[in-house]
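Descriptive structure summary
Each chain is listed here by its residues.
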Amino acid sequence: MIQISEKCVGCGKCVSACPFGALSLSNRKAVASAACTLCGSCVSVCPMGALSLPATGAVKKDLSSYKGVWVFVEIGNNGRTSFVRPVGYELLSKGRELATQLGEELCAVIIGSNISGYFAEISQYGTDKIYAVDSPAYQQYNTLAYANAMITLIRKYNPSVVLFPSTYVGRDLSPRISSELFVGLTADCTGLSVKQGNLIQTRPAFGGNIMADIKCPDYRPQMATVRPNVFKKVVTTPGRMAAVVNETVSVPVKAGTVRVLETHFDPVSAKDKLDEAPVVIAGGRGMKDKAGFDLLENLAARLGGAVGASRAAIDLGLKEKEKQIGQSGVTVASKLYVACGISGAVQHIVGMEHSEVIIGINKDANAPIFNVCKYGLVGDAKQILPYILEGLEK
Ligand code: FAD
Ligand code: SF4
Ligand code: SF4
């Protein structure tokens, strides 16, 4: 917390300077609250030089009471049925590894209405405990209601790590929670590990030219979001049931300021959804034109897959923006990924490298895409693809 010396004359200038509302006046003296983040904005404002930041190293919070790796497990709905979004299982699988390394429990947090049917499946990913907030009031996602429930539980149980999916809901929810708790949040991590008791959050930085390792050694919980398909789902405790802790958290009145009037569901079939498709046929600048992409569409139709593209192909207008695969697009983890006329820039690779079988078609034998391929075909994709289609036809 900011240090306030005897020099303070109670002028109040620092109070309005604090962006976190952490300062107030009491008995004509400034007082700081726990909301102080040590941002330092108030220090230069004080005409008396009464404010100072504590010397580095002297402000360490006692973190020993923060224990447990938590995963926010999101319930999805496709208009017909509700289900646990698979990314929840992916995060639990990674969370299991982290919890074991930290010597802590792996806990799932699930908020919704009538959710007990999901507990058995959630338990199979090495989950030790499930915190459940089950009430009709949580039937539909509401930012303020869900954030309040998460914050209440986090303040009650002090987890050391909280992971969120990088879905619409996860991206909406996690920053609200981190700002309320005054902790950091690393978005779209591509790797998570543990070093000296800290969560190492790896993600591309500086335009994807480097991978940055981010840690938050002085604050808890450590919070991160991860996109679907970055980690693999691994069932580690089949048949085991996690301990369930039912929590009641009332919905704050202010949550009523947002009401869902209508819901529209995406009509795209699972086969066409890049992040769920079992087969992805991707094209790059090397496919050159619409005729090149028509070949990819034919192959995808034949194999029951979806067509995606590199950013260069999107920039050429060969595919819609939402079909971009890579760092600034969708992350896929298909059973089969065919990369045609794609060089294999790191920004593309991070979005598809977890696919099971990767086939590259490129006329440059030294193209980096071949470093992640199981099979590589060196040649003109526009000549090779018709042969493959013909073979499949037969
Ligand atoms: P190129 O690099 O131009 O490669 C074309 C390839 O096609 C070459 O290897 C060539 O040998 C081959 N080729 C040419 N003709 C033929 C043929 N007839 N038959 C077979 N092969 C042929 N990129 C993404 O894809 N996704 C992202 O999300 C993404 N995000 C980015 C974010 C940032 C911040 C930045 C800076 C870049 C990002 N990029 C992204 C761009 C990325 O760096 C590359 O520029 C891009 O992936 C290159 O696309 P490409 O492989 O299609 O094109
Ligand atoms: Fe407010 Fe920042 Fe000063 Fe703390 S250091 S009291 S957060 S302005
Ligand atoms: Fe005290 Fe300085 Fe704040 Fe004025 S600006 S109330 S003197 S700490």
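Quick look at the structure, then.

We now examine the overall build of the protein chain. Counting its secondary structure elements, the protein chain contains nine helices and 21 strands. Principal-axis analysis of the C-alpha atoms places the extent of the protein chain at approximately 90 × 45 × 45 Å. Scored against the burial criterion, the 394 residues of the protein chain give a buried share of 45%. Contacts in the protein chain between residues at least 24 apart in sequence constitute 61% of all its contacts with a sequence separation of at least 6. When the accessible area of the protein chain is evaluated, it comes to approximately 19700 Å², of which 52% is carbon and sulfur surface. Positive and negative charge centroids in the protein chain, built from 41 and 33 side chains respectively, lie 6 Å apart.

Here we come to unusual backbone geometry. Trans is the prevailing form of peptide bonds, just as negative phi is the prevailing case for residues other than glycine. Residues R220 and P221 are joined by a peptide bond in cis, for which omega reads -5 degrees. With respect to the element layout, P221 can be found in the loop between β14 (210–214) and β15 (222–226). Positive phi values are uncommon outside glycine, yet L38 reaches one of about 60 degrees. Residue N229 is not a glycine yet carries a positive backbone phi of 75 degrees. Assignment of secondary structure puts N229 in the loop between β15 and β16 (243–246). On the basis of relative accessible area, N229 is assigned to the buried category, the value being 10%.

Close contacts around ligand 3 come from 13 residues, with C8, C11, G12, C14 and C46 the closest. Broken down by class, the residue content of the shell around ligand 3 amounts to 10 nonpolar, two polar and one charged.

Rules behind the numbers
- Residues numbered from 1 in each chain as written.
- Chains lettered and ligands numbered in written order.
- Predicted model: local features only at pLDDT ≥ 70, side-chain atom pairs only at ≥ 80, totals over all residues.
- Heavy atoms only, no water.
- Helix = DSSP H or I, 4+ residues; strand = E, 2+ residues; numbered from the N terminus.
- Buried < 20%, exposed > 50% of the residue type's maximum accessible area, 1.4 Å probe, protein only.
- Contact = heavy atoms within 4.5 Å.
- Areas by Shrake-Rupley, 256 points an atom, 1.4 Å probe, with all protein chains shown as cover.
- Lys, Arg positive; Asp, Glu negative; His and termini not counted.
- Charge placed at Lys NZ, Arg CZ, Asp CG, Glu CD.
- Near = heavy atom within 4 Å.
- Nonpolar A, V, L, I, M, F, W, Y, C, P; charged D, E, K, R; others polar.

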